[in-house]
Amino acid sequence: MTAPGAVPLLLVDDDLAFRKVYGALLHEAGYEVVEAGDRAAARAAFTARPCPVVILDLMLPPDGSVRGGLEMLGGLLAERPGTKVIVASGAGDVGYMLKAVQAGAFDFLTKPLDPDAFLIVVNRAVARVLLERQVETLQASLASARPGSSLIGESPAFRAAVELGERVAASDLPVLITGEHGTGKELLARRVHERSARARRQLLCVNCGALNENLLESTLFGHVRGAFTGAVKDRKGLFAEADGGTLFLDEIGDMPPALQVKVLRAIELGEILPVGSDAPVHCDVRVVSATNRDLKAMQAAGQFREDLFWRINGAEVRLPPLRERAGDLPLLAAHFLNQCAHLGPDGRPKTLSDGALEALAAHPWPGNLRELRHELHRATVLAGARAELEAEDFSFHRRPPAGPPAEPRTLPEKVAALERAEIAAALAAHGGNRSRAAEALGLSRQGLLKKMDRYGIA
């Protein structure tokens, strides 16, 4: 269990005797305590040292007003929203208590304080702080453990795309991420969500090309019981589930035209109509879309609505394909090889020879990051105990074609070459039929098969 001293406390009260008594009580409980006797000292201490738990008297100098104390409470929470502020005040009016709680106070204690009750409330506030820290640490570790979760690369085009996504994340603009399959569009969508004000709410994803029209409509907007065969109960759609968060519409270019109208309405009006229902449902959702298709060309062909295009394209971010960021290949390869380490017999990441790096750089990578991850995964398994991967370990590697065979010199070599040529010609003349070729050559079928094997004739 984490020691109490890991969470320093700020004790703010103009009564020196109160600070001495309750400061000593907190010290005995194992806490580190910072003291302040007025608002100015409290603000200075709070700014200089992060104190996740504050015990605050509302009536402080210079004016001793409750209003001033409530303003200070709001200021502390505005500066550090996660702070647990315990109000300990002689102003025991119920109205003041309610105002303090409404302003964000963790708890309200009325003086004179009961020491045992005081410690219980402080311990509870500290436990909440420690729990929130553990949750944040766990979320960070889960994010780093998720395969391919990092947006890795230093090439100018890639960094420009990521930085643009991070800049628009703070706004509520719809974002359209374009790029080929496997360039990391969903990873960038997650980055936009994580850097937005909606990060504490859900990010939900749907591939618009993976579902038929009816199923996609139900998935997006939900349905009511009896709306169609098999609808045995009400179901919330993703727009409603993502209320307050972000909805990622992957491959939006594959969305059927009839659904494009309904998605447009959902974005414009902030309301949806579940399948089979007459009652609209309001939802506050930020939409991030992605596509590998040319939506402007689809508009010209009447396949994608122009008004929907401008609704989803508050900011367009294009992720470059891997062939345009060859300089990032060593970084990406090291990242994926580290993820694949458990596949080898020694549990260590493989390294790449110079030839393997040259082969990676020369390959066009039509499948982009997905193809790279697959190739390194496969090569790690096939390399076995070998610590270094070679160019030959990749499926796309092709050995240079062999030169023309050397002219036979000796009599046995000349006979073998003539025999091989005759066998090949006979097989070609009879359409590959081995029995007829053997008959034409005056051989048994078994004798022909042995000679074919000897000469490497398929």
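Residues numbered from 1 in each chain as written. Predicted model: local features only at pLDDT ≥ 70, side-chain atom pairs only at ≥ 80, totals over all residues. Heavy atoms only, no water.

1. A word on the overall build of the protein
Okay, step 1: When helices and strands are counted, the protein shows 18 helices and 16 strands.
Okay, step 2: Since a compact globule built from 458 residues should have a radius of gyration of about 23 Å, the 35 Å found for the protein marks it as more spread out than a globular shape.
Okay, step 3: Projecting the C-alpha coordinates of the protein onto the three principal axes gives extents of approximately 120 × 55 × 45 Å.
Okay, step 4: Relative to its 458 residues, the protein shows a buried fraction of 43%.
Okay, step 5: Counted over contacts in the protein with a minimum sequence separation of 6, partners at least 24 positions apart contribute 69%.
Okay, step 6: About 24300 Å² of surface is accessible on the protein, with carbon and sulfur atoms providing 54% of the total.
Okay, step 7: Taken as two groups, the 54 positive and 57 negative side-chain charges of the protein have centres that lie 5 Å from each other. (Helix = DSSP H or I, 4+ residues; strand = E, 2+ residues; numbered from the N terminus. Rg over C-alpha atoms; globule rule 2.2 N^0.38 Å. Buried < 20%, exposed > 50% of the residue type's maximum accessible area, 1.4 Å probe, protein only. Contact = heavy atoms within 4.5 Å. Areas by Shrake-Rupley, 256 points an atom, 1.4 Å probe, with all protein chains shown as cover. Lys, Arg positive; Asp, Glu negative; His and termini not counted. Charge placed at Lys NZ, Arg CZ, Asp CG, Glu CD.)

2. Examining the sheet that holds strand β1 (residues 9-12)
Okay, step 1: Across the sheet, five strands lie side by side as β2-β1-β3-β4-β5; this open sheet has parallel pairing. Strand pairing shows two members of the sheet lacking a second neighbour, β2 (33-36) and β5 (107-110), which therefore form its edges. On average, each strand axis in the sheet is inclined to that of its neighbour by 20°, with strand direction left out of account.
Okay, step 2: Taken together, the four bridges between β1 and β2 define a ladder with parallel strand orientation. Bridged to V12 within β2 is A36.
Okay, step 3: Along the sheet, helix α1 (residues 16-28) makes contact with β1, β2 and β3 (53-56), crossing β2 at roughly 170°. (Pairing = 2+ DSSP bridges. Axes fitted to C-alpha atoms, helices over the stretch in contact; angles between N-to-C directions.)

3. Comments concerning the sheet that holds strand β14 (residues 315-318)
Okay, step 1: Read from one edge of the open sheet, five strands run β7-β10-β13-β6-β14, paired in parallel fashion. Where the open sheet ends on each side, the last strands, each with one partner, are β7 (203-207) and β14. Mean inter-strand twist for the sheet, computed between neighbouring axes without regard to direction, equals 20°.
Okay, step 2: Bridge count between strand β6 (residues 175-178) and strand β13 (residues 286-291): four bridges; the pairing is parallel. Note on β13: the bridge partner recorded for L176 is S289.

4. A look at the packing of aromatic side chains
Okay, step 1: As enumerated under the stated definition, the model contains six aromatic pairs in all.
Okay, step 2: When the ring of Y22 is compared with that of F118, the centres are 5.1 Å apart and the planes differ by 75°; the resulting orientation is edge-to-face. Residue Y22 is located in helix α1, and its partner F118 is located in helix α5 (residues 115-145); the two are separated by 96 residues in the primary sequence.
Okay, step 3: For F118, a relative accessible area of 1% corresponds to the buried category.
Okay, step 4: Arranged with centres 5.4 Å apart and planes meeting at 10°, the rings of F394 and F396 form a pair that is stacked. (Phe/Tyr/Trp six-rings, centres within 6.5 Å; stacked < 30°, edge-to-face > 60°.)

5. So, the nonpolar core
Okay, step 1: In this structure, L220, F239, L247, L249 and V263 are the most contacted members of the largest nonpolar core, which totals 30 residues.
Okay, step 2: Going through the elements one at a time, β7, α8 (213-221), α9 (238-241), β10 (246-250), α10 (257-269), α11 (295-300) and α12 (306-312) are the ones with two or more residues in this core.
Okay, step 3: Looking at this core, the element that brings in the most residues is α10, giving five residues.
Okay, step 4: Counting 24 residues, the second-largest nonpolar core is a separate cluster that includes L25, V33, F106 and L119. (Core = buried A, V, L, I, M, F, W, Y, C linked by side-chain atoms within 4.5 Å.)

6. Here we look at the pattern of salt bridges
Okay, step 1: For the structure shown, the criterion picks out 20 salt bridges.
Okay, step 2: Linking R19 and E35 is a salt bridge whose minimum nitrogen-to-oxygen distance equals 3.3 Å. Within this pair, whereas R19 is found in helix α1, its partner E35 is found in strand β2, the two being separated by 16 residues in sequence.
Okay, step 3: According to the relative accessible area criterion, E35 is partly exposed, its value standing at 38%.
Okay, step 4: Among the ionic pairs, R293 bridges to D254, the shortest N-O distance being 2.8 Å. In this pair, R293 sits in the loop between β13 and α11 while D254 sits in the loop between β10 and α10, placing the two residues 39 residues apart along the sequence.
Okay, step 5: One connected set of salt bridges, linked through shared partners, spans D13, D57 and K111. (Salt bridge = Lys/Arg side-chain N within 4 Å of Asp/Glu carboxyl O.)

7. Concerning a negative patch on the surface
Okay, step 1: Taken together, the side chains of D354, E358, E388, E390 and E392 make up a negatively charged region of the molecular surface.
Okay, step 2: Locating E392 in the fold gives a position in the loop between β16 (388-389) and α16 (411-429). (Patch = residues over 30% accessible without salt bridge, like charges linked within 9 Å, V, L, I, M, F, W, Y side chains within 5 Å.)

8. Focus on α16
Okay, step 1: Helix length check: α16, at 19 residues, gives a terminal C-alpha distance of 27 Å against a target of 27 Å (1.5 Å per residue), a fit within 8%.
Okay, step 2: Taken together, the buried positions of α16 are I423, A426 and L427. One side of α16 holds all its buried residues, which, seen down the axis, span an arc of 95°. The outward face of α16, more than 90 degrees from its buried face, is lined by the exposed residues L411, L418, A428 and A429.
Okay, step 3: Against α17 (434-441) and α18 (445-455) lie the buried residues of α16. (Expected span 1.5 Å × (residues − 1). Arc of directions from axis to C-beta.)

9. Here we look at the packing of helix α6 (residues 156-169) against helix α7 (residues 185-194)
Okay, step 1: The N-to-C vectors of α6 and α7 enclose an angle of 35°; their axes lie 8 Å apart at closest approach. Crossing handedness for the pair α6 and α7: right-handed. Contacts between α6 and α7 involve A161, V162, G165, E166 and A169 on the former and, on the latter, L188, R191 and V192.
Okay, step 2: Of the residues assigned to the contact of α6 with α7, the class counts are five nonpolar, one polar and two charged. (Left-handed = near helix turned anticlockwise from the far one by under 90°. Nonpolar A, V, L, I, M, F, W, Y, C, P; charged D, E, K, R; others polar.)

10. Remarks on a nonpolar patch on the surface
Okay, step 1: A contiguous nonpolar patch, built from L343, V381 and L382 and spanning about 250 Å² of accessible area, is present on the exposed surface.
Okay, step 2: One can find L382 in helix α15 (residues 368-383).
Okay, step 3: Residue L382 is classed as exposed on the basis of its relative accessible area, which comes to 55%.

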